[in-house]
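Here are the chains, one letter per residue:
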Amino acid sequence: MINSEIGAVLAVMRRNVRWGVRYIADDDQLEHSLIHSLKELRKQIFSWQSNWQYVDPRLYIQPFLDVILSDETGAPITGVALSSVYKILTLEVFTLETVNVGEAMHIIVDAVKSCRFEVTDPASEEVVLMKILQVLLACVKSKASNGLSNQDICTIVNTCLRVVHQSSSKSELLQRIARHTMHELIRCIFSQLPFISPLANECELHVDNKVYQINLSCHLF
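Residues numbered from 1 in each chain as written. Predicted model: local features only at pLDDT ≥ 70, side-chain atom pairs only at ≥ 80, totals over all residues. Heavy atoms only, no water.

Along the backbone of the protein there are nine helices and two strands. Each helix and strand of the protein, placed in order from N terminus to C terminus, yields the pattern α-α-α-α-α-α-α-α-α-β-β. Burial analysis of the protein (221 residues in total) assigns 48% to the buried set. For the protein, contacts bridging at least 24 residues in sequence account for 67% of all contacts bridging at least 6. (Helix = DSSP H or I, 4+ residues; strand = E, 2+ residues; numbered from the N terminus. Buried < 20%, exposed > 50% of the residue type's maximum accessible area, 1.4 Å probe, protein only. Contact = heavy atoms within 4.5 Å.)

As a further point, take the side chain of Glu125. By the element assignment, Glu125 lies in helix 7 (residues 122-141). Given the relative accessible area of 15%, Glu125 is considered buried. Ignoring sequence-local partners within four residues, the contact set of Glu125 consists of Ala75, Phe117, Val119 and Lys170.

This paragraph deals with the packing of aromatic side chains. A complete count under the given rule lists three aromatic pairs for this structure. Between Trp48 and Tyr60, the ring centres sit 6.5 Å apart and the planes meet at 45°, which makes this aromatic pair tilted. Pair noted here: Trp48 is in the loop between helix 3 (33-44) and helix 4 (58-69) and Tyr60 is in helix 4, with a separation of 12 residues, a long-range link. No difference in accessibility class separates Trp48 from Tyr60, as the two residues are buried. Centre to centre, the rings of Trp52 and Tyr60 are 4.9 Å apart; their planes meet at 25°, and the pair counts as stacked. Take Trp52 and Tyr60: they sit in the same class, and that class is buried. An aromatic cluster of at least three residues, connected via ring pairs, comprises Trp48, Trp52 and Tyr60. (Phe/Tyr/Trp six-rings, centres within 6.5 Å; stacked < 30°, edge-to-face > 60°.)

One way to put it is that helix 6 (residues 101-113) packs onto helix 7 with a least axis distance of 10 Å and a crossing angle of 155°. It follows from the interaxial angle that helix 6 and helix 7 lie roughly antiparallel. The crossing of helix 6 and helix 7 is left-handed. Across the interface between the two elements, Met105, Ile108, Val109 and Val112 of helix 6 pack against Ile132, Val135, Leu136 and Cys139 of helix 7. Its residues assigned to classes, the contact of helix 6 with helix 7 shows eight nonpolar, no polar and no charged. (Axes fitted to C-alpha atoms, helices over the stretch in contact; angles between N-to-C directions. Parallel < 35°, antiparallel > 145°, perpendicular 65-115°, else oblique. Left-handed = near helix turned anticlockwise from the far one by under 90°. Nonpolar A, V, L, I, M, F, W, Y, C, P; charged D, E, K, R; others polar.)

We now examine the environment of Gln166. Take Gln166: it is sitting in helix 8 (residues 150-166). Placed 12 residues apart in sequence, Gln166 and Ala178 show a C-alpha to C-alpha distance of 9.4 Å.

On to the packing of helix 4 against helix 5 (residues 75-90). One way to put it is that helix 4 packs onto helix 5 with a least axis distance of 8 Å and a crossing angle of 150°. As far as their axial angle goes, helix 5 and helix 4 are roughly antiparallel. Like other packed secondary-structure pairs, helix 4 and helix 5 cross with a definite hand, here left-handed. For the pair helix 4 and helix 5, the contacting residues are Tyr60, Phe64, Leu65, Val67 and Ile68 in the first and Ile77, Thr78, Ala81, Leu82, Ser84, Val85 and Ile88 in the second. Its residues placed into classes, the contact of helix 4 with helix 5 shows 10 nonpolar, two polar and no charged.

That's the geometry; what it means functionally is another story.
Printed below as a string of structure tokens:
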């Protein structure tokens, strides 16, 4: 599955006018670092099959996150990389028992929060915003969600709220998806209330430049 997603991201890069000239299979010196890291990952993954649970998920997630974080990539490439991360989360490639799962969940949330891409047209921008919502909701619904910290949960809620506000000037479809994602996100969080410790830490939510203090347990999930 990881190999398939690497192929999907590389394929959309190869078809892109700007990135096509950087896709040079036989010269590592001329390859862009994003392409090179994906190709290197493809070489490594099949050697990990016998002890997959002991493989640090950051090793196979980071190349996709680098694409998401790069401001050189356009919306189509960023969207495919987001889809790959979404599949990794929903197909449970790593679980709560996987080594360093907390760090892996954190870097996913942090990268999606800081997602950058070149906007070429409104439709492709909306697709990326929808996929951002998809990935963040998948983080909360994942079996590895217990690896999320309080601050990760606050970051997810803040980022979704930001997309909800952005969507007010976008299409009705994006507005509906953003509101639905926000409702589902809050439902998932509140469903954990019976398991929350009364000893709470404070986190901040930022809405319309106002800061709201909320109390969360030491471990929401």
